[in-house]
Amino acid sequence: MSGIAGWVDFSRDVSARQDVADATTRTMARRGPAVGGTWTCEHAALGQRVLSAHGLEGRSLPLTAADGSGTRAVISFNGELYNAGELRARLRSLGRTLETPTDAEVALHAYLEWGADFVGRLEGVYGFALWDERRQELLLVRDRLGVKPLFYAPAHTGVVFGSEPKAILAHPDFSPVLDADGLRDILSVARVPGHAVFRGMREVLAGCTVRVTREGTTQERYWGLRLGEHTDSLERTVSTVRELLETVVGDHMVAEIPPAALLSGGLDSSSLTALAAQVARREGLGTLRSFAVDDHDPSLPDGTSGNEDHIYARLMADHVGSDLTEIPLGSLDLLDPALRASVLGAYDLPINKGDQYASLYRLFGTARRHATVALSGECGDDVFGGYNWQRLPEWVFAGTYPWVAQGRDRYVGNDEIFDAGLLAKLDLTAYELDTHSAALAELGAAGQISDPKEARHREVTYLALTRHSRVLFDRLDRLGMSCGLQIRIPFADHRLIDYTFNVPWAMKSFDGREKSLLRAAMRDLLPERVAMRIKTPYPNLRTGAYDRVLRERLAGIVRDPHSPSAPLFSEELKQAVASHGADGLRQGVSRAALETALQLDTWLTSYDVRVAL
């Protein structure tokens, strides 16, 4: 796995600014600590850092393809191809010479052999840039579900791009600015594909390519979720799900020694752990290692210490013979400024779940000391219907993003913290409803499915896979790669999603439980207590002392007239804090609102973001 960066400009000699190419590429060092390099020509510079140098000994990065007349194309590649072996054999049969065992070279020669249609032949997860020297054209390509990130921004007559925003921020032609649309993305829990918060910055959409030429920039979709009829019986559907899971887990573990799994003790991660243990035994990969968060807090009374995930993780690890490492959830140590700065530095954007992201960062860091790759059960809920907001009518039919309807109480407090005039200008309610309507229009289920209930359930699954999953993919990629840990997500494999997307809701919930199909497909490999366990969320700290520290820190910021957030805060809040300190913040202000305000202020400062509302 890698980090990529680059720059294309048709109006000047890019090769004269090697320092810029090197600077943007250096920002990806945490993603690729093994080795890296840059390649430049008159109008393009591509950089890459890689996590492992295996197969690249003696090779320059990024990889190039040349003939007698010189360089034909160059690729800066982040990701992996599950059908690389098949494609490599096919390309060699067509007379192509591949000199490395890398997936990047397979993708490069696939492009040279089949042209722009090569993307449809790739199976895997990826976010890469390919420069065609003869056509003077850049292709930015992102995998079907958007598991791997890829950002870009206009720069004169071209673009700057990278695996993370920090690559673009390192370019002298890009200035970090927060405008009203960016602030809407921060304060709203409605994640809009393509938006990247910084003004002018974009994400390549999942399943799309972006083509950059002298004439401009265009985007084209090569894959998307499509409505269709599911004709398999329930029995056949369950067996197909099992077959697909065995295939995708096997593909995600190719040649990885030692294998590792992130194990919560829930149905999703336990299912993957069971399948991974099978593959490890069959392929002789050694004992499966697993890593879990210990959510027991000894400072709290028995019965209030969390979800007891650690108990189920131990049960599952023992069941499959996995070596389990537990990382304490911790308490106030998750407020450590250095830890929070590391999380923000990995993410590049403000977040509203500080304790959760800090504990994940610690989990991934611990796992990295033992493995370079880990499997995650994320996205299993989105695919199989595991969230209450996918099942319960009051949220499914709420007329907006269902996870927003369910979790709205967890985000209250923005109206107290932020200026009323600012919130009126942002109009987050209208933004939420407008973006929800736009998302539904992409699918068009209401016009194609006669049963309105079934149509809405299909819409909710579409929202889960195209909006909600964005947050899951981002946190795994940014936090994992900042620790040098590659996290793979078998449930996000498009082969599984292509099959399950159109399964009727009555079949997905046939036994009245969440994730009925997954439970039925995997039950024989799981302990009964795990197989029948009710879904529980990722553990959060339950101590009030944590929230008290957040309030005290926010009060300190509100009292500082030089804070970059000062113009955003309400006058009522400033007066209340001036008179009563942290007690000026009423108890009804949620942890998420406190975290958002704190993170926003730190982000504006550390990233030197100009506010232009």
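Located above this text is the structure these notes cover.
Described in the following lines is the structure provided in the data block.

Thresholds applied
- Once a new chain begins, its residue numbering starts again from 1 and follows that chain's sequence as written.
- For a predicted model such as this one, the threshold for reporting local features is a pLDDT of at least 70, and the threshold for listing and counting side-chain atom pairs is 80 or more; totals across whole chains, interfaces and linings nevertheless cover every residue.
- Based on all heavy atoms of the structure, the side-chain values leave hydrogens and waters out of the count.
- Helix and strand assignments follow DSSP, with helices taken as H or I runs no shorter than four residues and strands as E runs no shorter than two, numbered in order from the N terminus.
- Two things to know: the radius of gyration comes from C-alpha atoms, and the globule rule equals 2.2 Å times the number of residues to the power 0.38.
- In this scheme, a residue with accessible area under 20% of its type's maximum is buried, one over 50% is exposed, and one in between is partly exposed, where area comes from a 1.4 Å probe on protein chains only.
- The contact criterion used throughout is that any non-hydrogen atoms of two residues lie within 4.5 Å.
- Positive: Lys, Arg. Negative: Asp, Glu. His and the chain ends are not part of the count.
- Charge placement uses NZ in Lys and CZ in Arg. For Asp and Glu, CG and CD serve respectively.
- Here a cavity denotes grid points, spaced 1 Å and computed from the protein atoms alone, that fit a 1.4 Å probe unable to get out, and a pocket denotes an open set having protein on both sides within 12 Å along at least 5 of 7 lines; residues with an atom within 4 Å of a point are the lining.
- Grid points are joined across faces, edges and corners, and a volume is the space filled by probe spheres set on the points.
- The classification used treats Ala, Val, Leu, Ile, Met, Phe, Trp, Tyr, Cys and Pro as nonpolar, Asp, Glu, Lys and Arg as charged, and all other residues, Gly among them, as polar.
- Two aromatic rings from Phe, Tyr or Trp, using only the six-membered ring of Trp, form a pair when their centres are within 6.5 Å; if the ring planes differ by under 30 degrees the pair is stacked, by over 60 it is edge-to-face, and anything between is tilted.
- Note on criteria: charge over ring means Lys NZ or Arg CZ within 6 Å of the ring centre, with the direction from the centre no more than 35 degrees off the ring normal.
- Strand pairing is defined by DSSP finding a minimum of two bridges between the two strands.
- Fitted lines through C-alpha atoms serve as axes, helices being fitted only where they are in contact, and the angles separating the N-to-C directions of these axes extend from 0 to 180 degrees.
- To define a nonpolar core, start from buried Ala, Val, Leu, Ile, Met, Phe, Trp, Tyr and Cys residues and group those joined through side-chain atoms within 4.5 Å.
- Should a side-chain nitrogen of Lys or Arg be within 4 Å of a carboxyl oxygen of Asp or Glu, the pair is scored as a salt bridge.
- Every angle not falling under 35 degrees, over 145, or within 65 to 115 is termed oblique; those three ranges are roughly parallel, roughly antiparallel and roughly perpendicular.
- Whether a crossing is left-handed or right-handed is set by the direction in which the near helix is turned from the far one by less than a right angle, anticlockwise for left-handed and clockwise for right-handed.
- The span expected for a helix works out to 1.5 Å for each residue beyond the first.
- We call two N or O atoms a polar contact when they sit within 3.5 Å, provided that within protein one can donate a hydrogen and the other can accept it, with sequence-adjacent residues counted only if both atoms are side-chain atoms.

## Examining the overall build of the protein chain
The secondary structure content of the protein chain amounts to 24 helices and 20 strands. In summary, the protein chain has a C-alpha radius of gyration of 24 Å against a globular reference of 25 Å for 613 residues, a match within 12%. A buried classification covers 62% of the 613 residues belonging to the protein chain. Long-range contacts, defined here as pairs at least 24 residues apart, represent 73% of the contacts in the protein chain between residues at least 6 apart. Placing the 68 positive and 81 negative side-chain charges of the protein chain at their respective mean positions leaves the two points 1 Å apart.

## Notes on empty space enclosed by the protein
Empty space left among the atoms is revealed by rolling a probe the size of a water molecule over them. Evaluation of the coordinates by the stated rule reveals 7 cavities of 30 Å³ or more. If you trace the largest cavity, you find it lined by Tyr82, Glu123, Gly124, Val125, Asp143, Arg144, Leu145, Val147, Ala492, Asp493, His494 and Arg495. Here the residues of the lining of the largest cavity sort into 5 nonpolar, 2 polar and 5 charged.

## With respect to the packing of aromatic side chains
What the rule picks out here adds up to 12 aromatic pairs. Among the aromatic residues, those joined into a ring-pair cluster are Phe77, Tyr111, Phe118, Tyr126 and Phe128. Sitting over the ring of Trp114, Arg121 keeps its end group 3.9 Å from the ring centre.

## Considerations on the sheet that holds strand 10 (residues 158–162)
Pairing is antiparallel across the open sheet formed by 6 strands, whose spatial order is 2-3-1-10-9-12. Lying at the two open borders of the sheet, with one neighbouring strand each, are strand 2 (35–40) and strand 12 (202–203). Looking at chain direction, strand 1 (residues 2–9) and strand 10 are connected through 5 bridges and run antiparallel. Note on strand 10: the bridge partner recorded for Ala5 is Gly162. Helix 1 (residues 18–26) rests against strand 1, strand 2 and strand 3 (44–50) of the sheet, and its axis sits at about 145° to strand 2.

## Comments concerning the nonpolar core
It is characteristic of soluble globular proteins that their nonpolar side chains tend to be buried jointly. Core analysis: the largest hydrophobic core is formed by 138 residues, its most contacted members being Phe364 and Trp603. For this core, the element with the highest residue contribution is helix 7 (residues 267–283), accounting for 8 residues. Excluding anything up to four places from it in sequence, Trp603 contacts Leu178, Ile186, Val197, Phe198, Leu344, Asp348, Leu349, Pro350, Asp608 and Val609. Of all hydrophobic cores here, the second largest spans 29 residues; its members include Ile75, Leu108, Val119 and Phe128.

## Re the environment of Gly216
Within the fold, Gly216 resides in strand 14 (residues 216–221). Along the chain, Gly216 and Ser469 lie 253 residues apart, while their C-alpha atoms are 30 Å from each other.

## Describing the pattern of salt bridges
With the rule as written, the count across this model stands at 45 salt bridges. In this structure, the salt-bridge partner of Arg17 is Asp19, at a minimum N-O distance of 3.0 Å. Note on Asp19: relative accessible area 45%, which makes it partly exposed. One salt bridge connects Glu326 with Arg314, and the closest N-O pair in it is separated by 2.9 Å.

## Quick look at unusual backbone geometry
Look at the link from Leu61 to Pro62: it is a cis peptide, with omega at -5°. Relative to the elements of secondary structure, Pro62 occurs in the loop between strand 3 and strand 4 (63–67). Of note in this structure, Asp427 is not a glycine but carries a positive phi near 45°. Assignment of secondary structure puts Asp427 in the loop between helix 15 (420–426) and helix 16 (428–443).

## Concerning the packing of helix 22 (residues 544–558) against helix 24 (residues 591–606)
A pair of packed helices is captured by two measures, namely the crossing angle of their axes and the spacing between those axes. Their axes nearest at 10 Å, the elements helix 22 and helix 24 cross at an angle of 40°. Classed by the angle they form, the pair helix 22 and helix 24 counts as oblique. Seen from above, helix 22 lies across helix 24 with left-handed handedness. Contact with helix 22, carried on its side by Tyr546, Asp547, Leu550, Arg551, Arg553, Leu554 and Ile557, involves Arg591, Leu594, Glu595, Ala597, Leu598 and Asp601 of helix 24 and no other residues of that element. Among the residues forming the contact of helix 22 with helix 24, the class breakdown is 7 nonpolar, no polar and 6 charged.

## Some words on helix 10 (residues 354–368)
Relative to the 21 Å expected for 15 residues at 1.5 Å per residue, helix 10 spans 21 Å between its end C-alpha atoms, a close match to the ideal helical length. Regarding helix 10, the residues found buried are Gly354, Asp355, Gln356, Tyr357, Ala358, Ser359, Leu360, Tyr361, Leu363, Phe364, Thr366 and Ala367.

## What about the pairing of strand 5 (residues 70–76)?
The pairing of strand 4 with strand 5 spans 5 bridges and is antiparallel. Residue pairing across strands places Leu63 opposite Ile75, the latter belonging to strand 5. Between strand 4 and strand 5, which follow one another and run antiparallel, lie 2 residues. When strand 5 meets strand 7 (residues 124–132), the two strands line up antiparallel, connected through 4 bridges. Note that in strand 7 the partner of Val74 across the bridge is Trp131.

## Examining helix 6 (residues 234–252)
Look at helix 6: 27 Å from first C-alpha to last across 19 residues, which is about the 27 Å you get at 1.5 Å a residue. Of the residues making up helix 6, those classed as buried are Thr237, Val238, Thr240, Val241, Arg242, Leu244, Leu245, Val248, Val249, Gly250, Asp251 and His252.

## Some points on the side chain of Ser76
One can find Ser76 in strand 5. What makes Ser76 buried here is its relative accessible area of 0%. A polar contact of 2.6 Å, which involves the side chain of Ser76, links it to the backbone oxygen of Gly47. Those residues in contact with Ser76 that sit more than four places away from it in its chain are Ile4, Ala5, Leu46, Gly47, Gln48, Pro62, Phe128 and Ala129.

## Regarding the pairing of strand 8 (residues 137–142)
Extensive coverage of strand 8 is indicated by the burial of 6 of its 6 residues. Taken together, the 6 bridges between strand 7 and strand 8 define a ladder with antiparallel strand orientation. Looking across to strand 8, one finds that Leu130 is bridged to Leu139. The hairpin turn running from strand 7 into strand 8, its antiparallel successor, is 4 residues long, and Gln136 in that turn takes a positive phi close to 50°. Where strand 8 lies against strand 13 (residues 208–213), 4 bridges are found, and the strand directions are antiparallel. Residue pairing in the sheet places Leu138 in a bridge with Val212 of strand 13.

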